[in-house]
Amino acid sequence: MFSEKTLRRRAEKAGYSISKGFQSYLNQEWGLVRDDKGERITGYNVVDNSTGLNVLGSYNDLHDHAWQLEDVQEFLQGVYEENGLEW
């Protein structure tokens with residue numbers, strides 16, 4: 001597992017950026033997503049810099065910042081592979 005800093009550099013190289021934040025419901029009235037202890041959940045969105053849009057999966061029908069670093073790394077490895085970049 002790579003560090004957040006390393007994943008950010010690799011994302012930029014592939015034309016993406018990473019946004020870290022608390023998961024929040026897309027319905028503004030519901031607020032932040034919380035775990036069973038009431039703690040806010042931190043997660044990541046990945047943005048395609050060519051379109052400015054979040055990558056589907058890093059958000060879903062319920063909330064944003066849905067990915068953890070492992071998910072970000074898996075996505076970026078796929079992007080690198082598809083584009084013939086050395087991971």
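What you see is a predicted model, and the numbers here were worked out from it, not measured in a lab.

Student: Just checking my understanding: could you explain the packing of helix α1 (residues 4-13) against helix α2 (residues 69-82) for this structure?
Tutor: How two helices pack is summed up by the angle between their axes together with the distance between the axes. Between α1 and α2, the shortest axis-to-axis distance is 10 Å and the interhelical angle comes to 30 degrees. With respect to α2, the axis of α1 lies roughly parallel. Here the hand of the crossing between α1 and α2 comes out left-handed. Packed against α1, whose contacting residues are Glu4, Leu7, Arg10, Ala11 and Lys13, the element α2 presents Leu69, Val72, Gln73, Leu76 and Tyr80 at the interface.

Student: Looking at this structure, I do not really get the environment of Leu62. What am I missing?
Tutor: Mapping Leu62 onto the fold places it in the loop between β3 (53-54) and α2. Leu62 gets classed as partly exposed once you look at its relative accessible area, which sits at 48%. Among all residues touching Leu62, those that are not within four sequence positions of it are Ser24, Tyr25 and Leu26.

Student: Looking at this structure, how should I read unusual backbone geometry?
Tutor: The phi angle at His65 is positive, at roughly 50 degrees, despite the residue not being glycine. Looking at the element boundaries, His65 is found in the loop between β3 and α2. Among the residues examined, His65 registers a relative accessible area of 11% and is labelled buried.

Student: Explain the packing of aromatic side chains to me, please; I cannot follow it from the model alone.
Tutor: Here a ring pair, both rings aromatic, is described through the centre-centre distance and the interplanar angle of the planes. Scanning the entire structure with this criterion turns up 5 aromatic pairs. Taking the ring centre of Phe2 as reference, the NZ or CZ of Arg10 above it sits at 4.5 Å. The side chain of Arg10 reaches across the aromatic face of Trp87, ending 4.6 Å from its centre.

Definitions and limits used
Residues numbered from 1 in each chain as written. Predicted model: local features only at pLDDT ≥ 70, side-chain atom pairs only at ≥ 80, totals over all residues. Heavy atoms only, no water. Axes fitted to C-alpha atoms, helices over the stretch in contact; angles between N-to-C directions. Helix = DSSP H or I, 4+ residues; strand = E, 2+ residues; numbered from the N terminus. Parallel < 35°, antiparallel > 145°, perpendicular 65-115°, else oblique. Left-handed = near helix turned anticlockwise from the far one by under 90°. Contact = heavy atoms within 4.5 Å. Buried < 20%, exposed > 50% of the residue type's maximum accessible area, 1.4 Å probe, protein only. Phe/Tyr/Trp six-rings, centres within 6.5 Å; stacked < 30°, edge-to-face > 60°. Lys NZ or Arg CZ within 6 Å of the ring centre and 35° of its normal.

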